[in-house]
Amino acid sequence: MPKVVYVDATGGERVIDASVGESVMRAAVRSGVPGIIGECGGCVSCGTCHVWVRDEHLGEVGEVGDMEDDLLDLAVGDRRTGSRLSCQITMTAELDGLIVDVPEEQVV
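### Points about the sheet that holds strand β2 (residues 13-17)
- Overall, mixed pairing links the five strands, which are arranged β2-β1-β5-β3-β4 in an open sheet. Taken across any chain shown, the strands that pair with only one partner, and hence form the sheet edges, are β2 and β4 (83-85). Within this sheet the neighbouring strands show an average axis-to-axis angle of 35°, counted without direction.
- In this structure, strand β3 (residues 50-53) lies alongside strand β5 (residues 98-101), joined through two bridges in antiparallel fashion. When the bridges of β5 are listed, W52 appears paired with D101.
- Running at roughly 105° to β2, helix α1 (residues 24-31) makes contact with β1 (3-7), β2 and β5 of the sheet.

Now the structure itself:
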């Protein structure tokens, strides 16, 4: 089972088991990761699952789609090179150990 590492603004890490085919957002919501709300359920319509993918994983997570690109411009946290909506990243065995940072502004 591949693991996702969610890092908060203080550097605290939560390592979560994700199923192959599960989105990074669903794994976070299922496990109660602070700051990943997934209000729209993964329909690419809210931006409440914004994360920053670490540079070493950017080539592995796929390209940003048009709808995702538009929502990232409206995200609560700063848009960065690694900005992605975690609902649009599907876990694979190759993504085991994926590290994403959760914007502090999203944590309530």
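### Thoughts on the packing of aromatic side chains
- Enumeration over the complete set of coordinates arrives at zero aromatic pairs.
- When the ring centre of W52 is taken as origin, the NZ or CZ atom of R80, which lies over that ring, is 3.5 Å away.

### A word on the environment of G21
- Note that G21 resides in the loop between β2 and α1.
- A residue is classified by how much of its surface remains accessible, and G21, at 51% relative accessible area, is exposed.
- Note: C-alpha distance between G21 and V51 (30 residues apart in sequence) is 18 Å.
- Among all residues touching G21, those that are not within four sequence positions of it are T90 and M91.

### Brief notes about the nonpolar core
- Judged by nonpolar contacts, the single largest core of 25 residues is most densely connected at V4, Y6, I36 and L98.
- Mapped onto this core, the elements with two or more residues apiece are β1, α1, β3, α2 (66-72) and β5.
- The element contributing the most residues to this core is α1, with four residues.
- Setting aside residues no more than four positions away along its own chain, V4 makes contact with R14, V15, I16, A18, V24, M91, L98 and V100.

Each value, and the rule that gives it
Residues numbered from 1 in each chain as written. Predicted model: local features only at pLDDT ≥ 70, side-chain atom pairs only at ≥ 80, totals over all residues. Heavy atoms only, no water. Pairing = 2+ DSSP bridges. Helix = DSSP H or I, 4+ residues; strand = E, 2+ residues; numbered from the N terminus. Axes fitted to C-alpha atoms, helices over the stretch in contact; angles between N-to-C directions. Contact = heavy atoms within 4.5 Å. Phe/Tyr/Trp six-rings, centres within 6.5 Å; stacked < 30°, edge-to-face > 60°. Lys NZ or Arg CZ within 6 Å of the ring centre and 35° of its normal. Buried < 20%, exposed > 50% of the residue type's maximum accessible area, 1.4 Å probe, protein only. Core = buried A, V, L, I, M, F, W, Y, C linked by side-chain atoms within 4.5 Å.

Bear in mind that shape data such as this cannot, by itself, settle questions of function.
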